[in-house]
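Secondary and tertiary structure notes
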Amino acid sequence: MSHIQFYKYQGTGNDFVMIDNRDQLFSKNDTKLIELLCDRKFGIGADGLILLENHPTADFKMVYFNADGQESTMCGNGGRCLVRFAQFLEIIKDTATFEAIDGLHHARVVDDISISLQMSDVTDMRLENSYVFTDTGSPHHVQLTENLTELDVYKEGKYLRDNVYGKAGANINFVQLQDNNTFKVRTYERGVEDETLSCGTGVTAVAIAMHKTNHTASNEVTLETPGGVLKVSFEACDTGYENIWLTGPALQVFKGTFTA
């Protein structure tokens, strides 16, 4: 029987189990344990689990797992929450550099509420008749709709995730225009296999997709998710988009010990 010290963080309702794994005591191969910790009925409950580990040159390393226990691609809100966790552990003060699965990231502590995270550059976007597909550290489908509140995001998102993108899947974002630089977003996340209250790489994909398709001319976009408001700023360049920053709240919810 083992006792696992954990911390719970959330960023606009996207919630994560955080574990300080600098001593390498937590096994990254225990898929069933990770899934149990994320289970909302039998475990702690979270959209994903994140390990903070040592890195030879950066401040720390991020290892992210979906709620299904599988190691996954980049998580924007999770990255912002991990920066807050690193601040809590006194690893960093106002700025951070860390490595994730998609490369090196920089971050800033804005204040006691918000964290700003630099996302990977985006160089590849596929524009289809009814949607945009791009990769912002994770693969995202971005689709405009006029009835976002009434939309069955689980049903429609699952269909697109399974039937358009196959086994690997993609995250499905449904978007409604509010004004020339504000959009409402709801997201079906692979790995969670359900709608989440927010998705950081998702709103990043939405912001640049809306700019690319001329639905906004602004290089700073406000994204309203069910869990709260995020902002994405960026610069268009010859190869796509660069200097992309995701900003929003990242807060500790509670801490505890899980016995497994």
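Notes on the structure in this doc start here. Here, residues in each chain are numbered from 1, in the same order as that chain's written sequence. Given that the model is predicted, a residue must reach a pLDDT of at least 70 before its local features are reported, and side-chain atom pairs must reach 80 or more before they are shown or counted; all residues, however, enter totals for whole chains, interfaces and linings. Just so you know, side-chain values use all the structure's heavy atoms and leave hydrogens and water out.

**Observations regarding the side chain of Thr196**
Where we set the bar: By the criteria applied, helices consist of DSSP H or I runs no shorter than four residues and strands consist of E runs no shorter than two, each listed in order from the N terminus. Working definition: with a 1.4 Å probe on protein chains only, accessible area under 20% of the residue-type maximum means buried, over 50% means exposed, and in between means partly exposed. In the analysis that follows, any N or O atom pair within 3.5 Å is treated as a polar contact, provided that within protein one partner can donate a hydrogen and the other can accept it, and provided that, for residues neighboring in sequence, both atoms belong to side chains. Contacts are assigned to residue pairs that have any heavy atoms within 4.5 Å of one another.
With respect to the secondary-structure elements, Thr196 resides in strand S13 (residues 194-196). By relative accessible area, Thr196 is classed as buried at 3%. Within the structure, the side chain of Thr196 is placed 3.1 Å from the backbone oxygen of Ser198, a separation counted as a polar contact. In contact with Thr196, other than residues within four places in its own chain, are Asn14, Asp47, Thr187 and Glu189.

**Section: helix H3 (residues 153-163)**
Our working rule: Each C-beta atom gives one direction from the helix axis, and the arc is the one those directions make.
Inspection of H3 places Val153, Gly157, Leu160 and Arg161 among the buried residues, and these make up the whole buried set. The buried residues of H3 occupy an angular sector of 100° when projected down its axis, which confines them to one face. Those residues of H3 that are exposed and angled more than 90 degrees off the buried face are Lys155, Tyr159 and Asn163.

**Some words on the environment of Thr123**
Within the element layout of this structure, Thr123 appears in the loop between strand S7 (114-118) and strand S8 (125-127). A relative accessible area of 59% places Thr123 in the exposed class. C-alpha of Thr123 to C-alpha of Thr95: the two residues are 28 residues apart in sequence and 26 Å apart in space.

By themselves, these figures tell us nothing about what the structure is for.
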